[in-house]
Amino acid sequence: VQLVESGGGLVQPGGSLRLSCAASGFTFSSYAMYWYRQAPGKERELVAFITSAGDSTNYADSVKGRFTISRDNAKNTVYLQMNSLKPEDTAVYYCRGVATTTIWGRGTQVTVSS
């Protein structure tokens, strides 16, 4: 049972990245999925949410209009498309699955810097 994030890296301000979170070992389509982030010295914060069916999403105000969460239940993967990135988006990004249990990934680093 695991979630594995990928797609992080170094990007200039105004750039884009697409994060992926691949699930294995459980029934992915039954889980609501979340993206969180944690910047150095700060608490982990919720970034985006998507229902198990992918029919509803929600976003933190700080990323609304710039980030898009989506999922492909056939591929057991959830995505976070991040556009118009800002230095304050720099953080470790984690995915989380919630149903009868909660599963966390180990995170992927995103650094926005010129």
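You'll find the structure just up there.
Reference entry: report on the structure contained in this document. (Residues numbered from 1 in each chain as written. Predicted model: local features only at pLDDT ≥ 70, side-chain atom pairs only at ≥ 80, totals over all residues. Heavy atoms only, no water.)

**Focus on the side chain of Ser20**
If you trace the backbone, Ser20 turns up in strand S3 (residues 17–24). Residue contacts for Ser20: discarding those within four places in its chain leaves Val4, Glu5, Ser6, Trp35, Thr77, Val78 and Tyr79. (Helix = DSSP H or I, 4+ residues; strand = E, 2+ residues; numbered from the N terminus. Contact = heavy atoms within 4.5 Å.)

**What to know about the state of the cysteines**
Applying the stated criterion across every chain yields a total of one disulfide. Cys21 shares a disulfide with Cys95; S-S distance 1.9 Å. Measuring handedness by torsion sign, the sulfur bridge of Cys21 and Cys95 sits at about 55 degrees and is right-handed. With Cys21 in strand S3 and Cys95 in strand S9 (residues 91–98), this pair connects stretches of sequence that are 74 residues apart. Judged by relative accessible area, Cys95 falls into the buried class, the value being 0%. (Disulfide = S-S within 2.5 Å. Buried < 20%, exposed > 50% of the residue type's maximum accessible area, 1.4 Å probe, protein only.)

**Re the packing of aromatic side chains**
On inspection of all chains with the given rule, the structure shows five aromatic pairs. With a centroid separation of 6.5 Å and 80 degrees between ring planes, the pair formed by Tyr94 and Trp104 is classed as edge-to-face. Of this pair, Tyr94 sits in strand S9 while Trp104 sits in strand S10 (residues 102–104); the two residues are 10 residues apart in sequence, bridging distant segments of the chain. Note on Tyr94: relative accessible area 13%, which makes it buried. (Phe/Tyr/Trp six-rings, centres within 6.5 Å; stacked < 30°, edge-to-face > 60°.)

**Quick word on the pattern of salt bridges**
With the rule as written, the count across this model stands at four salt bridges. For Arg37, the salt bridge is made with Glu45, and the minimal N-O distance between the two is 2.6 Å. In this structure, Asp89 and Arg66 form a salt bridge, with 2.8 Å as the shortest nitrogen-oxygen distance. Taken together, the residues Asp89 in the loop between strand S8 (77–82) and S9 and Arg66 in the loop between strand S6 (57–59) and strand S7 (67–72) connect sequence positions 23 residues apart. For the pair shown, Asp89 and Arg66 are each scored as buried. Look at the salt bridges and you will find they share partners, linking Arg37, Glu45, Arg66 and Asp89 into a network. (Salt bridge = Lys/Arg side-chain N within 4 Å of Asp/Glu carboxyl O.)

**Regarding the pairing of strand S5 (residues 45–50)**
The pairing of strand S4 (residues 32–38) with S5 spans five bridges and is antiparallel. Residue Trp35 lies in a different strand from S5, and its bridge partner there is Ala48. Note that S5 and S6 share three bridges and pair antiparallel. Residue pairing for S6: Phe49 is matched across the bridge by Asn58. (Pairing = 2+ DSSP bridges.)

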